[in-house]
Amino acid sequence: MSEVLIYNLDSRKDAKLKMLCRKMNLSARTVEKAEYGCTLSYLLGLSQDPSVKDGEDFDDEMLYISGISSGMLNLFLDQLRRNKLIIPLKAIETETNIGFTSYELYRELSAEREAIMKGTQYHQPDQEQ
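These notes cover the structure that comes with them. Along each chain, residue indices are assigned from 1 in the same order as the chain's sequence is written. Confidence filtering applies because this is a predicted model: local features only for residues at pLDDT of at least 70, side-chain atom pairs given and counted only at 80 or more, and all residues used for totals across whole chains, interfaces and linings. Only hydrogens and water are set aside when side-chain values are computed; all heavy atoms of the structure are taken into account.

1. Brief notes about the overall build of the protein
1) Next: To qualify as a helix, a DSSP run of H or I must reach at least 4 residues; to qualify as a strand, a run of E must reach at least 2; elements of each kind are numbered from the N terminus. The helix and strand inventory of the protein stands at four helices and four strands.
2) Next: Going residue by residue from the N terminus, the α and β elements of the protein occur as β-α-β-α-β-α-β-α.
3) Next: Principal axes of the C-alpha set define a box for the protein whose edges measure 40 × 35 × 25 Å.
4) Next: Exposure is judged per residue with a 1.4 Å probe applied to protein chains only, and the accessible area is read against the type maximum: over 50% gives exposed, under 20% gives buried, and values in between give partly exposed. Across the 129 residues that make up the protein, the buried fraction comes to 40%.
5) Next: Of the contacts made within the protein by residues no fewer than 6 positions apart, 72% connect residues no fewer than 24 positions apart.
6) Next: Accessibility throughout is a Shrake-Rupley quantity obtained with a 1.4 Å probe, and a residue counts as covered only by protein chains that appear here. For the protein, the accessible surface area stands at approximately 7,900 Å², while carbon and sulfur atoms represent 49% of it. Note on definitions: a residue-residue contact is assigned when non-hydrogen atoms from the two residues lie within 4.5 Å.

2. As for the packing of helix H1 (residues 11–23) against helix H3 (residues 70–82)
1) Next: The convention used is that axes are lines fitted to C-alpha atoms, helices contributing only their stretch in contact, and that angles between N-to-C directions extend from 0 to 180 degrees. At a minimum axis distance of 11 Å, the contact between H1 and H3 shows a crossing angle of 140°. Where H1 crosses over H3, the two elements pack in a sense that is right-handed. Along its contact with H1, which presents Leu-17, Leu-20 and Cys-21, the element H3 presents Phe-76, Gln-79 and Leu-80.
2) Next: Amino acid classes used here: Ala, Val, Leu, Ile, Met, Phe, Trp, Tyr, Cys and Pro are nonpolar; Asp, Glu, Lys and Arg are charged; the rest, including Gly, are polar. Of the residues belonging to the contact of H1 with H3, the class tally is five nonpolar, one polar and no charged. For any pair of crossing helices, the crossing counts as left-handed if the nearer helix is rotated counterclockwise from the farther one by less than a right angle, and right-handed if it is rotated clockwise.

3. Quick notes on the packing of aromatic side chains
1) Next: Ring geometry is summarised as follows: Phe, Tyr and Trp rings, the Trp one being its six-membered ring, pair when their centres sit within 6.5 Å, and such pairs are stacked at plane angles under 30 degrees, edge-to-face over 60 and tilted between the two. With the rule as written, the count across this model stands at five aromatic pairs.
2) Next: Between Tyr-7 and Phe-58 the ring centres are 6.0 Å apart and the planes differ by 40°, which places this aromatic pair in the tilted class. Of the two residues, Tyr-7 is situated in strand E1 (residues 3–7) and Phe-58 in the loop between helix H2 (40–43) and strand E3 (62–66); the sequence distance between them amounts to 51 residues.
3) Next: You can call Tyr-7 buried: its relative accessible area is 0%.
4) Next: Relative to Tyr-103, the ring of Tyr-36 has its centre 5.9 Å away and its plane inclined at 80°; by these criteria the two rings are edge-to-face. Of the two residues, Tyr-36 sits in the loop between strand E2 (27–30) and H2 while Tyr-103 sits in helix H4 (residues 102–118), which places them 67 residues apart along the sequence.

The values are spatial; any link to function lies outside them.
Below is the structure:
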């Protein structure tokens, strides 16, 4: 099942995004701050480990997209643009990030965004991702 985890959207934007997800047959849910220390795999129901790690809260808007084909992903991103739903921090599920907490995902995406803005590389070319 394809699912979108939603972070820190205001109620209007949250409702608009959830409506878009329903139209595209994507499951969507808002992640509460109390859940930020759980792994993404736990939040998606893929893990039974409810352990929570500490981290620094964040207020930036963010999406985590799981279980979606590349064609559907392109359509989803296009629909976000068409509906003027601008959410700068977005990630799709990978073997690496599925074990992250929301805190860790946020730190990773923020560092990547900062590197892009500076015109530098965040990951070294030979570093496995």
